[in-house]
Amino acid sequence: MARERNVGVFDGFLYRGGGPMLAWLLHRISGIGIVVFVGLHILANAFNGQIGSAINAIFMSWAFQLLIFFCVIFHAINGLRIIILDLWPALLEHQREAIWIEWGFFLPIYAIAAIVIISKGLAG
Amino acid sequence: MQSRPAPQPGLTFEYLMWLFIRISGLGLYLVALVGVIAALVMGARTQIDMGTLIRWTFFPNSGHVANAGVDLELGWVGLLWQVMQGMAVVFGVTHGMNGLRNILEDFISKPGTRLIVRVIIILLWVLFLYAAFTLVLSDTL
């Protein structure tokens, strides 16, 4: 079962995986983002009220909210795609179409969130 | 750079975590859906703004809606929400820490380094669970 899988970073960049690879990469980046931001939020509020308020001030800014909403919404929708494809492996035949459907869900949802966040941010 | 060894077949730790990630992902969807539907039933549509509703949806803690001026005694605090928060914490923190382990171990081939990373991640896991449960257990009227 064990195979040689020694692939360097630069060989990895040359691999042109297209949509599924982009989804895989964004899933990891957004996952790390959620761990860092939610982790900071929990720790700051549980252990130190003052640091908690300072961090909350950053988290409440509209620029930050655009970032964290991208992470959460993308991670949730992409995760659902992965679960659905894992539950019904026959659908893997259409995995590239699944990526397009996923963006079809993500873009309008994120666009609505972004419009609300930005319009509220500009209104103060 | 060398990648980690390929996973083995069978009922291994990696398989169980693979399964847990999917189940906890669906569990987090469930917690969020129950939270947002119950909030709307409790009158969130007219009582609180959208940002507060979303914070409640991610983590149904009364601290997330206290500033909105809702009457907490009308169902926003209680054992149900402590159980929901507990599910969100256990599913969320474990899901996140395993994801972190998954990403890090893709870049680790030495067993010694992997052991160190796993110990650090288990310590982080315990720390996050402790910090989050102090918030959950103190969320009473």
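Residues numbered from 1 in each chain as written. Chains lettered and ligands numbered in written order. Predicted model: local features only at pLDDT ≥ 70, side-chain atom pairs only at ≥ 80, totals over all residues. Heavy atoms only, no water.

Undergrad: Would you mind showing me how to read the environment of A:A113 here?
TA: All names here are of chain A. Along the chain, A113 turns up in helix 5 (residues 95–123). According to the relative accessible area criterion, A113 is buried, its value standing at 12%. For the pair A113 and L66, spaced 47 residues apart in sequence, the C-alpha to C-alpha distance is 8.1 Å. If near-sequence neighbours (up to four positions away) are discounted, A113 is found in contact with F69 and I73. (Helix = DSSP H or I, 4+ residues; strand = E, 2+ residues; numbered from the N terminus. Buried < 20%, exposed > 50% of the residue type's maximum accessible area, 1.4 Å probe, protein only. Contact = heavy atoms within 4.5 Å.)

Undergrad: I keep staring at the nonpolar core and nothing clicks. Help me out?
TA: Buried together is how nonpolar side chains tend to be arranged in soluble globular proteins. Formed by 29 residues in total, the largest nonpolar core has its most connected members in B:I48, B:W56, B:W76, B:V89 and B:M97. Put simply, the parts of the chain that give this core at least two residues each are helix 2 (18–47) of chain A together with helix 1 (13–41), helix 3 (50–58), helix 4 (79–105) and helix 5 (111–137) of chain B. Leaving out residues up to four positions away in the same chain, B:V89 has contacts with B:F59, B:T94, B:L129, B:A132, B:F133 and B:V136. Grouped together as the second largest cluster of nonpolar side chains are 20 residues, A:L26, A:I68, A:I77 and A:Y110 included. (Core = buried A, V, L, I, M, F, W, Y, C linked by side-chain atoms within 4.5 Å.)

Undergrad: Would you mind going over the interface of chain B and chain A with me for this structure?
TA: Buried accessible area, meaning the area lost when the parts come together, often serves as the stated size of an interface. Taken together, the contact pairs 32 residues of chain B with 28 residues of chain A. Counting each side, the surface lost to burial between chain B and chain A is near 2400 Å², with a carbon and sulfur contribution of 70%. Our enumeration of links across chain B and chain A arrives at three salt bridges. A:K120 is paired through a salt bridge with B:D49; the nearest N and O atoms lie 3.7 Å apart. Summed over the shared surface of chain B and chain A, the result is three residue pairs in polar contact (both at pLDDT 80 or more). (Buried area = accessible area lost by both parts, 1.4 Å probe. Salt bridge = Lys/Arg side-chain N within 4 Å of Asp/Glu carboxyl O. Polar contact = N/O pair within 3.5 Å; in protein donor to acceptor, adjacent residues only side chain to side chain.)

Undergrad: It is not clear to me how the layout of surface pockets should be interpreted in this structure. Could you clarify?
TA: Over the atoms, a rolling probe the size of a water molecule traces out where space has been left empty. Residues and elements named next belong to chain A. Estimates place the volume of the second largest pocket at around 270 Å³. Lining the second largest pocket are 13 residues, with R81, I84, A98, I101 and E102 sitting closest to its centre. Its residues assigned to classes, the lining of the second largest pocket comprises nine nonpolar, one polar and three charged. (1 Å grid on protein atoms, 1.4 Å probe; cavity = no way out; pocket = protein on both sides within 12 Å on 5 of 7 lines; lining within 4 Å. Points joined across faces, edges and corners; volume = space filled by probe spheres on them. Nonpolar A, V, L, I, M, F, W, Y, C, P; charged D, E, K, R; others polar.)

Undergrad: What's the story with the packing of helix 2 of chain A against helix 3 (residues 49–60) of chain A in this structure? I'm lost.
TA: All names here are of chain A. Close contact between helix 2 and helix 3 brings their axes to 6 Å; oriented N to C, the two are set at 145 degrees. Remark: the crossing between helix 2 and helix 3 carries left-handed chirality. On helix 3, the residues touching F37, L40, H41, A44, N45 and F47 of helix 2 are G49, I51, G52, I55, N56 and F59. Within the contact of helix 2 with helix 3, the residues separate by chemical class into seven nonpolar, five polar and no charged. (Axes fitted to C-alpha atoms, helices over the stretch in contact; angles between N-to-C directions. Left-handed = near helix turned anticlockwise from the far one by under 90°.)

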